[in-house]
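Report on the structure
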Amino acid sequence: MKETSKESKQSFIAEARREQIVEAAIKTLDEIGYVSASLSQIAKRAGISTALISYHFADKNDLMNDLIMRLLEQSSSYILERVSRADTAREKLRLFIEASLAYQGTHPARNAALLEIIFNGRTPDNIPYYKIGDDDEEDLVVTELKRILGEGQQNGEFGAFHVDVMASVIQGAIGEYMSYTGITKRVDLETYANELVEIVSKAVRE
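Here we summarise the structure given alongside this text. Not measured: the values here are computed from a predicted model. (Residues numbered from 1 in each chain as written. Predicted model: local features only at pLDDT ≥ 70, side-chain atom pairs only at ≥ 80, totals over all residues. Heavy atoms only, no water.)

**Considerations on unusual backbone geometry**
- The phi dihedral of Asn126 is positive, around 65°, even though this residue is not glycine.
- Checked against the element boundaries, Asn126 lands in the loop between α6 (108-120) and α7 (140-154). (Helix = DSSP H or I, 4+ residues; strand = E, 2+ residues; numbered from the N terminus.)

Here it is, written out as structure tokens:
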């Protein structure tokens, strides 16, 4: 049945309210961390009542599970859109690294929120996010990185190496800058990105 104008307006308002709650949750996680991020703290930052959050989300876990999916989708879209601009595997790999790090630099609160959920939250099946392993569906970003590496090997741009190992090394180096504040204090984002691109470029050609 076709959605009426009234239903469409109500749906728009409901989604806008959910977005408001999500943004407040991100701010809360960034400021006080996962453990202290109660619905009342989130409601306070959103300027709404706790009951209104409960209308849209069953509980804190429900909100956090929704939030992590949104955060992962946003970062994936940012990276994949930039990678799609390149024609060669070498250029795609460079853009992949630069975009992955650039997203961290331009969205620090979102990265902080993502890390808080990964290391403290649980999936709807009550599994800690940090324990999700190879048995689970691989995310789009990792899949794309492996595809780029495989493409480069097939067309002769890259040398011989184990794609899974190389992808893990690259993702590890990218994640290190996001999670290890020590390196961020000593090396700025642009320098780190340039150095990593240079190191990886040499490694995949050898």
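Continuing now.
**Overview of α6**
- Spanning 13 residues, α6 covers 18 Å between terminal C-alpha atoms, matching the ideal 18 Å at 1.5 Å per step.
- Restricting attention to buried positions, one finds in α6 the residues Arg110, Asn111, Ala113, Leu114, Leu115 and Ile117. (Expected span 1.5 Å × (residues − 1). Buried < 20%, exposed > 50% of the residue type's maximum accessible area, 1.4 Å probe, protein only.)

**Details of helix α2 (residues 39-46)**
- Every buried residue of α2 is listed here: Leu39, Ile42, Ala43 and Ala46. All buried residues of α2 project into a common sector of 100° when viewed along the axis, lining one side.
- One or two steps after α2, the chain reaches Gly47, where phi turns positive at roughly 75°. (Arc of directions from axis to C-beta.)

**What to know about the pattern of salt bridges**
- Applying the stated criterion across every chain, the model contains 15 salt bridges.
- Between Arg110 and Glu23 there is a salt bridge, with its nearest N and O atoms 2.5 Å apart. Remark: Glu23 occurs in helix α1 (residues 5-36) and Arg110 occurs in helix α6; sequence separation between them is 87 residues.
- Taking the relative accessible area as the measure of exposure, Arg110 reaches 18% and is therefore buried.
- Where Asp66 meets Arg70, a salt bridge forms, and the shortest distance between an N and an O atom there is 2.6 Å. (Salt bridge = Lys/Arg side-chain N within 4 Å of Asp/Glu carboxyl O.)

**A short note on the packing of helix α8 (residues 163-179) against helix α10 (residues 189-205)**
- At a closest axis distance of 11 Å, the pairing of α8 and α10 adopts a crossing angle of 170°. Between α8 and α10, the angle falls in the class roughly antiparallel. Contact with α8, carried on its side by Met166, Ile170, Ala173, Ile174, Glu176 and Tyr177, involves Leu189, Tyr192, Leu196, Val200, Ala203 and Val204 of α10 and no other residues of that element.
- Here the contact of α8 with α10 is built from residues that sort into 11 nonpolar, no polar and 1 charged. (Axes fitted to C-alpha atoms, helices over the stretch in contact; angles between N-to-C directions. Parallel < 35°, antiparallel > 145°, perpendicular 65-115°, else oblique. Contact = heavy atoms within 4.5 Å. Nonpolar A, V, L, I, M, F, W, Y, C, P; charged D, E, K, R; others polar.)

**A few points about the packing of helix α4 (residues 60-83) against α7**
- Following both chains from N to C, one finds α4 and α7 inclined at 25°, their axes separated by 10 Å at the closest point. Our classification of the angle between α4 and α7 gives roughly parallel. Judged by the twist between their axes, the crossing of α4 over α7 is left-handed. Two secondary-structure elements touch here, α4 through Ser76, Ile79, Leu80 and Val83 and α7 through Leu140, Val141, Glu144 and Ile148.
- When its residues are assigned to classes, the contact of α4 with α7 shows 6 nonpolar, 1 polar and 1 charged. (Left-handed = near helix turned anticlockwise from the far one by under 90°.)

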